[in-house]
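# Observations on the model geometry
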Amino acid sequence: MRAGAYEARVEDYVALLKPRVMSLVVFTAFVGLLLAPGGINPFVGAVAILCIAIGAGASGALNMWYDSDIDAVMSRTANRPIPAGRIERDHALVLGLVLSSFSVCLLGLATNWLAAGLLAFTVFFYAVVYTVWLKRSTPQNIVIGGAAGAFPPMIGWAAVTGTISLESVVLFLIIFLWTPPHFWALALYKQSDYGAANIPMLPNVAGERVTKIQIFVYSLLLVGSTLIPGLTGFMGPVYSVVAIASGAGFVWLAWALLRTSETVAMKKAGRALFTYSLSYLALIFLALLADHAVRLLGWL
């Protein structure tokens, strides 16, 4: 045991829950909940969002428990609570299991068991299918594993309606297709980290050229998926204008990355796309809310 190990602070346990990832999960789930037809009691809705947040945090704790060995050799994760020696691995495991069980049970009692089942499946998919199986075994880890991050708006929708609809599937699809270009752009300028941890990310296995091509292809598919709400009448012109304009920026950055050949320029372009992708997803979901609000107010 290293000196000062296991002197955990409250913020260390918060870090185990991956609060930045949790914030994105909460936001997209909130959008799904608000867009769902029929409405929900505000208190019940708040409980549903809290449960989804806790479930996301539980997934993060379980991920950090299992990945503590590779986190220790990656520069961007070496200071996480477990590899830094501030929290025991077993504590993270117990925390993840308790929080996941609590969040699923409470969501089922507060809303319905379809939403609770989707939340349970999401935690299982991220902690077991992605973290334990896919992450260390295939360069398609992000593609398949991205489903875990795409379920929250579907869970929010199901919490209100008790159903899975085409609209909620489209919300799922947008996040699902956003995940590969987002994380592969990160992997392009963090190849040494993933290589040191022996994680088979696409750039390390298939090379930079293949990765850039796949990023561009997925970017086209992503932007195409964001047009579906407008084309099907689920959303109106406010959303469609934002989706087209922001999507054009995404494709342009992916194209600029594809055209790079020199390593420094490639890493710079990859970082630019990664940074933009964070704002892009937030903007798409804000546009969904804005369009919904405009139509509720009868302005369009």
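Whatever comes next refers back to the structure up there.
The following paragraphs examine the structure supplied in this document. Keep in mind the model is a prediction, meaning the values are calculated, not measured.

Taken as a whole and assessed by the stated rule, the structure comprises 14 aromatic pairs. Taking the centre distance of 5.6 Å and the plane angle of 50° together, the rings of Phe121 and Phe125 count as tilted. In this pair, Phe121 and Phe125 are both assigned in helix 6 (residues 113-134), four residues apart and thus about one turn of the helix distant. Geometrically, the ring pair formed by Tyr189 and Phe274 is edge-to-face, given 6.2 Å between the ring centres and 75° between the ring planes. Highlighted residues: Tyr189 in helix 10 (residues 166-189) and Phe274 in helix 16 (residues 263-296), separated in sequence by 85 residues. In this structure, Tyr189 and Phe274 share a single accessibility class: buried.

Contact pair helix 10 / helix 16: the axes reach a minimum separation of 7 Å and the direction vectors enclose 160°. Considering the angle they form, helix 10 stands roughly antiparallel to helix 16. Along this stretch, helix 10 crosses helix 16, giving a crossing that reads as left-handed. Here the residues of the contact of helix 10 with helix 16 are counted per class, giving 18 nonpolar, three polar and two charged.

What follows concerns the packing of helix 15 (residues 237-259) against helix 16. Where helix 15 contacts helix 16, the axes come no closer than 9 Å and their chain directions differ by 175°. With respect to their mutual orientation, helix 15 and helix 16 come out roughly antiparallel. Split by residue class, the contact of helix 15 with helix 16 holds 21 nonpolar, five polar and one charged.

Attention shifts here to the state of the cysteines. What the rule picks out here adds up to zero disulfides. Counting only cysteine sulfurs, Cys105 is the nearest neighbor of Cys51, a cysteine outside any disulfide, at a range of 9.7 Å. A relative accessible area of 0% means that Cys51 is categorised as buried. Overall, the relative accessible area of 43% leaves Cys105 in the partly exposed class.

What counts, and at which threshold
Residues numbered from 1 in each chain as written. Predicted model: local features only at pLDDT ≥ 70, side-chain atom pairs only at ≥ 80, totals over all residues. Heavy atoms only, no water. Phe/Tyr/Trp six-rings, centres within 6.5 Å; stacked < 30°, edge-to-face > 60°. Helix = DSSP H or I, 4+ residues; strand = E, 2+ residues; numbered from the N terminus. Buried < 20%, exposed > 50% of the residue type's maximum accessible area, 1.4 Å probe, protein only. Axes fitted to C-alpha atoms, helices over the stretch in contact; angles between N-to-C directions. Parallel < 35°, antiparallel > 145°, perpendicular 65-115°, else oblique. Left-handed = near helix turned anticlockwise from the far one by under 90°. Nonpolar A, V, L, I, M, F, W, Y, C, P; charged D, E, K, R; others polar. Disulfide = S-S within 2.5 Å.

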